[in-house]
Amino acid sequence: MKALTWQSRGKITCETVPDPKIEHGRDVIIKVTACAICGSDLHLMGGFMPTMECGDILGHETMGEVIEVGRDNHKLKVGDRIVVPFTICCGECRQCKWGNWSCCERTNPNGKLQAETYGYPLAGLFGFSHITGGYAGGQAEYLRVPYADVGPIVVPENLTDEQVLFLSDIFPTAYQAAEHCDIGPEDTVAIWGCGPVGVLAVKCCYLLGAKRVIAIDSVPERLALAREAGAETIDLSKENVQDTLTEMTKGLGPDSVIEAVGMESHGADTKLQKVSSAIMEHTVSLERPFALNQAILACRPGGNVSMPGVFAGPVGPVALGVLMNKGLTLKTGQTHMVRYMKPLLERIQEGEIDPSFIISHRSTNLEEGPALYEAFRNKTDNCTKVVFKPHG
């Protein structure tokens, strides 16, 4: 089969690799009907995630048709059309039973390695390095889905792939980020990053009752997409974010802030942030929390900081003193996918939201993948979200 693979920092190629096979009784094999490039895949492309190996198959936003079922899987059958969550969950450990699905204790075969960094093993992830399990990803023609009787959901035929594909990651991720804000009917939420998660977070904040959403970015087409989703916008390349937010909220500040950028953020416009920036720009071993620090500074005292943006290891200076003295609540974590997929599917079915509006580029040829990775990373050709349909 064809698949998109990580070769080295900055190099993604389309290769012919062996087809997946059933390895355990709860597995299924799917024929991938749609998959996407996620913003966090760009962290892998850039070499920011440790333990990637040459030839690793990328991708964790995937759906498809079940073509083979393991003997112990009684939930799914051949022909089912399923969306696969990016997290792999056993459904039996204490974390799964508590509903902390992304903290599953059993699905990462490299859990001991992960515990050296995070203290404990966490859920295995598709296509996201060997520290998260070394599972093959879904930017491919076929995918083996372990523990497929727990996470994947069957989707109705009256909804298109593009309508439901993002239930695999970014729609639930955006919804959890908004939920972490504990939104009230008079609340203003500010969002850093107008990539796919940030823009869907705009929609989710309104679904949860926000009065006002302000989105911050520097890329014109992303700002336009955020406005299409209903947000007011700030172009951080032209305006001082803190001063502008203060003015827009009449000195009160946003009630909650969402950092949807992650480890590769850029920029600083306060004295503290400029000092931190000078250190971090010359220290490649540290991830860069510029957007996080801006968000912490901008949030009103007693407010909420929600952080869906991906970080992997050591981070440069974070404004913990500001966080502590303002009495802010910080909520973060990989998305507890099983908690959200079915309720959000119902919202799509009821016409409350169609996440496909964020798609800018479509391809039926995985060989176009490397060039589309480049376009997405470099923010060229108005590229905001790429979807592949490997079988046409």
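Residues numbered from 1 in each chain as written. Predicted model: local features only at pLDDT ≥ 70, side-chain atom pairs only at ≥ 80, totals over all residues. Heavy atoms only, no water.

Trainee: Help me understand the overall build of the protein in this model?
Mentor: Helix and strand content of the protein: 13 helices and 18 strands. On the principal axes, the C-alpha backbone points of the protein span a range of 60 × 45 × 45 Å. The 392 residues of the protein split such that 57% are buried. Partitioning the intrachain contacts of the protein with sequence separation of at least 6 by distance along the chain shows that 73% fall at a separation of at least 24. Accessible surface computed for the protein: about 15900 Å², of which carbon and sulfur atoms make up 51%. For the protein, the separation between the mean place of its 36 positive charges and that of its 47 negative charges on side chains is 3 Å. (Helix = DSSP H or I, 4+ residues; strand = E, 2+ residues; numbered from the N terminus. Buried < 20%, exposed > 50% of the residue type's maximum accessible area, 1.4 Å probe, protein only. Contact = heavy atoms within 4.5 Å. Areas by Shrake-Rupley, 256 points an atom, 1.4 Å probe, with all protein chains shown as cover. Lys, Arg positive; Asp, Glu negative; His and termini not counted. Charge placed at Lys NZ, Arg CZ, Asp CG, Glu CD.)

Trainee: What is the right way to look at the packing of aromatic side chains in this model?
Mentor: Two measures describe an aromatic ring pair: the distance that separates the ring centres and the angle between the ring planes. Under the counting rule described, the total for this entry stands at two aromatic pairs. Relative to tyrosine 135, the ring of phenylalanine 126 lies with its centre 6.4 Å away and its plane at 55°, an arrangement referred to as tilted. Both residues of the pair, phenylalanine 126 and tyrosine 135, count as buried. Positioned over the ring face of phenylalanine 48 is arginine 9, at 5.7 Å from the centre of the ring. Sitting over the face of the ring of phenylalanine 357, lysine 203 holds its NZ or CZ atom 5.4 Å from the ring centroid. (Phe/Tyr/Trp six-rings, centres within 6.5 Å; stacked < 30°, edge-to-face > 60°. Lys NZ or Arg CZ within 6 Å of the ring centre and 35° of its normal.)

Trainee: Sorry, what's going on with the UniProt feature "domain: Alcohol dehydrogenase-like N-terminal" (unreviewed entry) in the protein here?
Mentor: Using the residue numbers shown here, the UniProt feature "domain: Alcohol dehydrogenase-like N-terminal" (unreviewed entry) corresponds to residues 26-152. The span residues 26-152 shows a helical share of 16% and a strand share of 26%, and its end C-alpha atoms are spaced 12 Å apart. (UniProt positions renumbered as here; feature names shortened; annotations may be inferred.)

Trainee: What should I look at first to understand the domain arrangement of the protein in this one?
Mentor: Frequently, the measure chosen for interface size is the accessible area removed from exposure when the parts meet. You can read the domains of the protein as domain 1 (2-168 + 335-388) and domain 2 (171-332). Here the C-alpha centre of domain 2 lies 26 Å away from the C-alpha centre of domain 1. Residue-level contacts link 29 residues of domain 1 with 23 residues of domain 2. Note on domain 1 versus domain 2: buried area summed over both sides is about 2600 Å², and carbon and sulfur give 69% of it. Across the contact surface, domain 1 and domain 2 share zero salt bridges. Counting across the interface, domain 1 meets domain 2 through six residue pairs in polar contact (both at pLDDT 80 or more). For the side of domain 1 that touches domain 2, the secondary structure elements donating two or more residues are helix 1 (39-45), helix 3 (111-118) and helix 12 (337-349). At six residues, the largest contribution of residues to the side of domain 1 that touches domain 2 is made by helix 12. Looking at the side of domain 1 that touches domain 2, its residues break down into 18 nonpolar, seven polar and four charged. (Domains from an automatic or database assignment. Buried area = accessible area lost by both parts, 1.4 Å probe. Salt bridge = Lys/Arg side-chain N within 4 Å of Asp/Glu carboxyl O. Polar contact = N/O pair within 3.5 Å; in protein donor to acceptor, adjacent residues only side chain to side chain. Nonpolar A, V, L, I, M, F, W, Y, C, P; charged D, E, K, R; others polar.)

Trainee: I'm lost on unusual backbone geometry in this one. Help?
Mentor: Most of the time, phi is negative for any residue but glycine, and the peptide bond is trans. Look at serine 129: it is not a glycine, yet its phi comes out positive at around 85°. Examined against the element boundaries, serine 129 turns out to sit in the loop between strand 8 (124-125) and strand 9 (142-145). Given a relative accessible area of 3%, serine 129 falls into the buried group. Despite not being glycine, aspartate 381 shows a phi value in the positive range, around 55°. You can see aspartate 381 is positioned in the loop between helix 13 (369-378) and strand 18 (386-388). Of the residues examined, aspartate 381 reaches a relative accessible area of 58% and is grouped as exposed.

Trainee: How should the pairing of strand 12 (residues 212-217) be read in this particular structure?
Mentor: On any regular strand, side chains alternate: one points to one face of the sheet, the next to the other face. The buried fraction of strand 12 amounts to five of the six residues, a majority that puts the element mostly inside the structure. Here strand 11 (residues 188-192) runs beside strand 12; their pairing, made up of five bridges, is parallel. Each bridged residue has a counterpart across the sheet, and for isoleucine 191 the counterpart in strand 12 is alanine 215. Between strand 11 and its parallel partner strand 12, the chain crosses via helix 6 (residues 196-207), and the hand of that crossover is right-handed. Regarding the hand of the β-α-β motif, the stretch spanning strand 12, helix 7 (residues 220-228) and strand 13 (residues 232-235) is right-handed. (Pairing = 2+ DSSP bridges. Right-handed = clockwise from strand over helix to strand, strands pointing away.)

Trainee: Explain the UniProt feature "domain: Alcohol dehydrogenase-like C-terminal" (unreviewed entry) in the protein here, please?
Mentor: UniProt tags residues 196-264 as "domain: Alcohol dehydrogenase-like C-terminal" (unreviewed entry). Its end C-alpha atoms 15 Å apart, residues 196-264 is made of 42% helix and 20% strand.

Trainee: Help me understand the confidence of the model for the protein in this model?
Mentor: Atomic detail in the predicted coordinates should be set aside for any region of low pLDDT. Mean pLDDT over the protein stands at 94; residues scoring 70 or higher make up 94%. Long-range and interchain partners of residues 275-285, a stretch whose pLDDT sits below 50, account for 14 contacts in this model, where long-range means more than four residues apart. (pLDDT = per-residue confidence, 0-100.)

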